[in-house]
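Fold and geometry: a report
Here is what each chain is made of, one letter per residue.
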Amino acid sequence: MMPSVYIKTYGCQMNERDSEAVAAQLVAKGYTLASSEAVADVILLNTCSVRDAAEQKAIGKMQTLAAEMRRTRPEVVLGFLGCMAQSRGQQLIDKLPDVDLVVGTQKFHRTADYLDDIFAGKRTKVVDVGEEQGSEAAIREHILNGNTAESPVTAFVSIMQGCNQYCTFCIVPYTRGGERSRTIPDIVAECRELAARGVREITLLGQIVTSYGKRDIPVRDGKSGFVQLLEAVHEIEGVERIRFTSPHPKGYGDDLVEAYARLPKLVESAHLPVQSGSDRLLKLMHRGYTRERFLGIIEKLRRVRPEMGITTDIIVVLPGETELDFEETLSLAREVEFDNAYIFKYSPRKDTPAAAMPGQVAQAAKEERNARLLALINEIGARHYEKCVGRQEQILVEGPSKKNPARMMGRTRNNKIVVFEGSGRHRGQIMDVKIKRAGSFTLYGDPAILNVD
Ligand code: SF4
């Protein structure tokens, strides 16, 4: 019997997607997927390097696993994949000699071959963190259950890898490499196949999706490669909604704003990572836009789609951030009225310029700013959600609610979760619900009075 594999994923949606594709590639080769680490023949940790805590968590997990397996099942193969595997390579095996496999971010698709080699006794340890041309096109397979009760309604499609922006706080350009984009026909073929298998919403995925195709696809009629891709995906029958993440504010040219006015499947939802409201800090971060430019984009987006849901990422606290800088971030949050914001506590990353910047802020001040920002974001978010009460909203029903599986959940076009009393037959449907009440970043709808007013 072929060995079984368990993959544990840390970090972002890109990692989730990479793990899913690796799992699908392994299944295609005959491996089975284990339901837990306890019964798996291979345990892989797909790692994240964005914060030191994420790295320490994966290393700690591997130490525990190695000790446990040495005692109970020494034949189990242990491996690291992804960003930390890329940045630390051989060091991981030097530190944890029970680890058999280290696979970097351009080599995910080689995982099955390396496992074959290990099981065949051809090699005992494999470390591969090299660059590989064309690897961006290798994250393509999906695990989709053919069974209609379980087939997913939404899917992520990786359109590019890497980032050339080199924000001073970010390790991604070092772990994921430079920007590499797949071709439009390749992406469209994958989306078509997903639509044929019942997927109704596609999220185009990449570290900086708005830079998609920048070097390879010529601007046509004033439209960037990314907008040309949106148009091509928009044509696909069966795809009802299109989202993308993460964009960069500097990528919101007029062609993209105009695409929102023109492409109805492009839902009115934008995740625009601002990181700070202070021009001084935006410059230190090497973000490539000013506060004014950011506000200008929001204004244009709201002009073409007044219901646009806008979320963001904000970093607290970059070295050198003063109380004045922080207050600019608070005032920006008030001005934009974000639907939600993800606050990231700054974590110095090896070899990034910000790690060597002067003016590291004391822990107490960091915690205090974090709490103030969070309170403001929650207050603004609650107002947004409260405003939805009484409205009729269109949702795409994704499946049972995670918190209460007896209920169903869907998402509005502007990306708000709606929980309602429904049943399995609603799954995959686009329907209107009346919003009855708002909870914390969740709406509660009532399908009983569908379309009656
Ligand atoms: S745009 Fe900046 S924050 Fe985003 S992945 Fe690239 S370097 Fe990191």
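Rules used throughout
Residues numbered from 1 in each chain as written. Predicted model: local features only at pLDDT ≥ 70, side-chain atom pairs only at ≥ 80, totals over all residues. Heavy atoms only, no water. Helix = DSSP H or I, 4+ residues; strand = E, 2+ residues; numbered from the N terminus. Rg over C-alpha atoms; globule rule 2.2 N^0.38 Å. Buried < 20%, exposed > 50% of the residue type's maximum accessible area, 1.4 Å probe, protein only. Contact = heavy atoms within 4.5 Å. Areas by Shrake-Rupley, 256 points an atom, 1.4 Å probe, with all protein chains shown as cover. Lys, Arg positive; Asp, Glu negative; His and termini not counted. Charge placed at Lys NZ, Arg CZ, Asp CG, Glu CD. Core = buried A, V, L, I, M, F, W, Y, C linked by side-chain atoms within 4.5 Å. pLDDT = per-residue confidence, 0-100. Phe/Tyr/Trp six-rings, centres within 6.5 Å; stacked < 30°, edge-to-face > 60°. Pairing = 2+ DSSP bridges. Salt bridge = Lys/Arg side-chain N within 4 Å of Asp/Glu carboxyl O. Axes fitted to C-alpha atoms, helices over the stretch in contact; angles between N-to-C directions. Parallel < 35°, antiparallel > 145°, perpendicular 65-115°, else oblique. Left-handed = near helix turned anticlockwise from the far one by under 90°. Nonpolar A, V, L, I, M, F, W, Y, C, P; charged D, E, K, R; others polar. Near = heavy atom within 4 Å. Polar contact = N/O pair within 3.5 Å; in protein donor to acceptor, adjacent residues only side chain to side chain.

Moving on to the overall build of the chain. Along its length, the chain carries 13 helices and 19 strands. Here the C-alpha radius of gyration of the chain, 23 Å, is about what a compact globule of 453 residues would show, namely 22 Å. The principal-axis extent of the C-alpha atoms belonging to the chain is close to 65 × 55 × 45 Å. Looking at the chain as a whole, 54% of its 453 residues are labelled buried. A fraction of 73% describes how many contacts in the chain between residues 6 or more apart in sequence connect residues 24 or more apart. Element-wise, carbon and sulfur atoms account for 51% of the exposed surface of the chain, whose accessible area totals about 19,700 Å². Considering the chain, the positive charge centre built from 62 side chains and the negative charge centre built from 60 side chains are found 1 Å apart.

Ranked by internal contacts, the top residues of the largest apolar core, which has 63 residues, are I159, L204 and F244. What F244 contacts, discounting residues up to four positions off in sequence, is T203, L204, V209, F226, L230, Y252, L256, Y260 and L266. Residues C48, I59, L65 and L92 belong to the second largest nonpolar core, which totals 23 residues.

A few words on the confidence of the model for the chain. On average, residues of the chain score 93 in pLDDT, and 97% of them are at 70 or above. Across the chain, the secondary-structure element scoring lowest on mean pLDDT is helix 6 (residues 172–176), at 91, and the one scoring highest is helix 8 (residues 225–234), at 98.

Turning our attention to the packing of aromatic side chains. Under the criterion given, the structure shown has 6 aromatic pairs. Measuring from ring centre to ring centre gives 5.5 Å for Y166 and Y174, while their planes differ by 80 degrees; the resulting arrangement is edge-to-face. Residue Y166 is classed as partly exposed on the basis of its relative accessible area of 39%. With relative accessibility at 38%, the residue Y174 sits in the partly exposed group. Seen from their ring centres, F294 and F338 are 6.4 Å apart, and the 55 degrees between their planes marks the pair as tilted. Here F294, found in helix 11 (residues 291–304), pairs with F338, found in the loop between helix 12 (323–336) and strand 14 (340–345); they are 44 residues apart in sequence, far enough to count as distant.

For the rest of this paragraph, the subject is the sheet that holds strand 4 (residues 77–81). Strands sit in the order 2-1-3-4-5-6 across an open sheet of 6 strands; the sheet is parallel. Of all the strands in the sheet, just strand 2 (32–33) and strand 6 (126–128) have a single pairing partner and so form its edges. The sheet contact formed by strand 3 (residues 42–47) and strand 4 spans 5 bridges and is parallel. Bridging across to strand 4, L45 finds its partner in F80.

Turning to the pattern of salt bridges, a few remarks are in order. All chains considered together, the criterion is met by 46 salt bridges. Put simply, K107 and E132 hold a salt bridge, and the shortest N to O gap is 2.9 Å. Here E132 lies in the loop between strand 6 and strand 7 (154–158) and K107 lies in the loop between strand 5 (101–103) and helix 5 (111–119), a separation of 25 residues in the sequence. Grouping residues by exposure puts K107 and E132 together as buried. Here E268 ties to R305 by a salt bridge, and the two come within 3.4 Å at their closest N and O atoms. A residue pair is termed long-range when its members are at least 10 positions apart, and E268 in the loop between helix 9 (254–262) and strand 12 (269–271) and R305 in the loop between helix 11 and strand 13 (309–316) qualify at 37 residues. Exposure remark for R305: the relative accessible area of 11% places this residue in the buried category. Among the charged side chains, a salt-bridge network with shared partners connects R17, E20, R182, D186 and E190.

Turning our attention to the pairing of strand 13. The buried count for strand 13 comes to 8 of 8 residues, which makes it a mostly enclosed element. On strand 13, burial covers both faces: G309, T311, D313 and I315 on one face and I310, T312, I314 and V316 on the other are all buried. Sheet topology note: the strand 12/strand 13 ladder contains 3 bridges and is parallel. Following the sheet pairing, A270 is matched in strand 13 by I310. Of the strand pairs in this sheet, strand 13 and strand 14 are connected by 6 bridges, and their pairing is parallel. Across the sheet, D313 pairs through a bridge with Y342, a residue of strand 14.

What follows is about the packing of helix 8 against helix 9. As a packed pair, helix 8 and helix 9 sit with axes 9 Å apart at the nearest point and diverge in direction by 15 degrees. Taken together, helix 8 and helix 9 sit at an angle that is classed as roughly parallel. The two elements helix 8 and helix 9 cross, and the hand of that crossing is right-handed. Here F226, V227, L230 and E231 of helix 8 come into contact with helix 9, specifically with D255, L256, A259 and R262. The residue makeup of the contact of helix 8 with helix 9, split by class, is 5 nonpolar, no polar and 3 charged.

Take the site of the ligand next. Around the ligand, a shell composed of C163, Q165, Y166, C167, F169, C170, V172, P173, I208, H248 and R287 is seen. Here the shell around the ligand is composed, by residue class, of 8 nonpolar, 2 polar and 1 charged.

Quick look at the side chain of R413 now. Tracing the sequence through the fold places R413 in the loop between strand 16 (408–412) and strand 17 (417–420). At 2.6 Å, the side chain of R413 and the backbone oxygen of P264 are in polar contact. In this structure R413 touches R241, R243, P264, L266, V267, E268, S269, R305 and Q394, once residues within four positions along its chain are discounted.

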